[in-house]
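# Remarks on the overall topology
This is what each chain is made of:
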Amino acid sequence: QLDEFPSEEEIFPLQRLPFHNILVAVPSTPEPFLARCYGPSWAEEAVVWSHSSRGRELLRVSLCNYMCAVHNCGYVAPVASASADLSLAMVNLSNEGELRDLLWNSLGWASPYMAECKDDQSVNIEMLELLGLESRTIALPAVGLAAASHKKAKNWLEMLR
């Protein structure tokens, strides 16, 4: 067994748990795997990564502060319709193949996210509207959130409240 993969005993039997307004299949005991991969504080804090030209840096924030910041940025959790057909109808599609084809033809691959996102001018508004998404820009200090000290990051999160 490799630590970066869950063991068979950690996966089976699968259980169903709520995720937003739907039930999803999840491993029977995910906690040991999550602790191996993300550390013992995986359930109490969020890790926010920065991918900049200076390298990859991280900021650890309490889950409570992170959720508050996300809420204050205007995030609204997605809601699935009662069926796949209804969800597709919400974006004027009639079947799953149509969605895959539309994404492939417009993005070059079957992903709901844009292939390139360089700046506000590269945002594909039509695709965002199709997916029920929007683009927002949040001004951050010049040093960047991940490069800031824990105290500065905490102040930034407070500013979002």
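What counts and what doesn't
- Residues numbered from 1 in each chain as written.
- Predicted model: local features only at pLDDT ≥ 70, side-chain atom pairs only at ≥ 80, totals over all residues.
- Heavy atoms only, no water.
- Helix = DSSP H or I, 4+ residues; strand = E, 2+ residues; numbered from the N terminus.
- Buried < 20%, exposed > 50% of the residue type's maximum accessible area, 1.4 Å probe, protein only.
- Contact = heavy atoms within 4.5 Å.
- Areas by Shrake-Rupley, 256 points an atom, 1.4 Å probe, with all protein chains shown as cover.
- pLDDT = per-residue confidence, 0-100.
- Salt bridge = Lys/Arg side-chain N within 4 Å of Asp/Glu carboxyl O.
- Pairing = 2+ DSSP bridges.
- Patch = residues over 30% accessible without salt bridge, like charges linked within 9 Å, V, L, I, M, F, W, Y side chains within 5 Å.
- Disulfide = S-S within 2.5 Å.

Regarding its fold elements, the chain presents seven helices and four strands. Going residue by residue from the N terminus, the α and β elements of the chain occur as α-β-β-α-β-β-α-α-α-α-α. Looking at the chain residue by residue over its 161 residues, the buried ones come to 19%. Summarising the internal contacts of the chain: among those between residues at least 6 apart in sequence, 31% fall at separations of at least 24. Summing over all exposed atoms, the chain offers an accessible surface of approximately 12,000 Å²; the carbon and sulfur share of this is 59%.

This next bit is on the confidence of the model for the chain. Mean pLDDT for the chain: 75, with 63% of residues reaching 70 or above. Within the chain, no element has a lower average pLDDT than helix 7 (residues 150-160), which sits at 60, and none a higher one than helix 1 (residues 8-11), at 92. With pLDDT under 50 throughout, residues 112-117 is counted as low confidence; its partners more than four residues away or in other chains account for 13 contacts.

Within the element layout of this structure, Glu10 appears in helix 1. Note on Glu10: relative accessible area 8%, which makes it buried. For Glu10, the residues in contact, after removing those within four places along its chain, are Pro27, Ser28, Thr29, Pro30, Pro32, Phe33 and Arg36.

All right, on to the pattern of salt bridges then. All chains considered together, the criterion is met by two salt bridges. Across the salt bridge formed by Glu10 and Arg36, the nearest N and O atoms sit 2.8 Å from each other. Taken together, the residues Glu10 in helix 1 and Arg36 in helix 2 (residues 31-38) connect sequence positions 26 residues apart. Between Glu45 and Arg60 there is a salt bridge, and its shortest N-O distance comes to 2.8 Å. With Glu45 in strand 3 (residues 45-52) and Arg60 in strand 4 (residues 55-62), this residue pair connects regions lying 15 residues apart in the sequence. The partly exposed category is assigned to Arg60, whose relative accessible area is 38%.

The next thing to look at is the pairing of strand 2 (residues 22-26). Here strand 1 (residues 15-19) runs beside strand 2; their pairing, made up of five bridges, is antiparallel. Within the sheet, the bridge partner assigned to Phe19 lies in strand 2 and is Ile22.

Here the bond from Phe12 into Pro13 is cis, since omega is -5 degrees, no more than 30 degrees from zero. Along the chain, the position of Pro13 falls in the loop between helix 1 and strand 1. Phi at His20 takes a positive value of approximately 55 degrees, unusual for a residue other than glycine. Positionally, His20 belongs in the loop between strand 1 and strand 2.

Once that is clear, we can look at a nonpolar patch on the surface. On the surface, Val47, Trp49 and Leu58 cluster together into a nonpolar patch covering about 240 Å² of accessible area. Relative to the helices and strands, Trp49 resides in strand 3. Note on Trp49: relative accessible area 39%, which makes it partly exposed.

Turning our attention to the state of the cysteines. Overall, the coordinates contain zero disulfides when judged by the stated rule. No disulfide involves Cys64; its sulfur sits 6.7 Å from that of Cys68, the nearest cysteine. Taking the relative accessible area as the measure of exposure, Cys64 reaches 60% and is therefore exposed.

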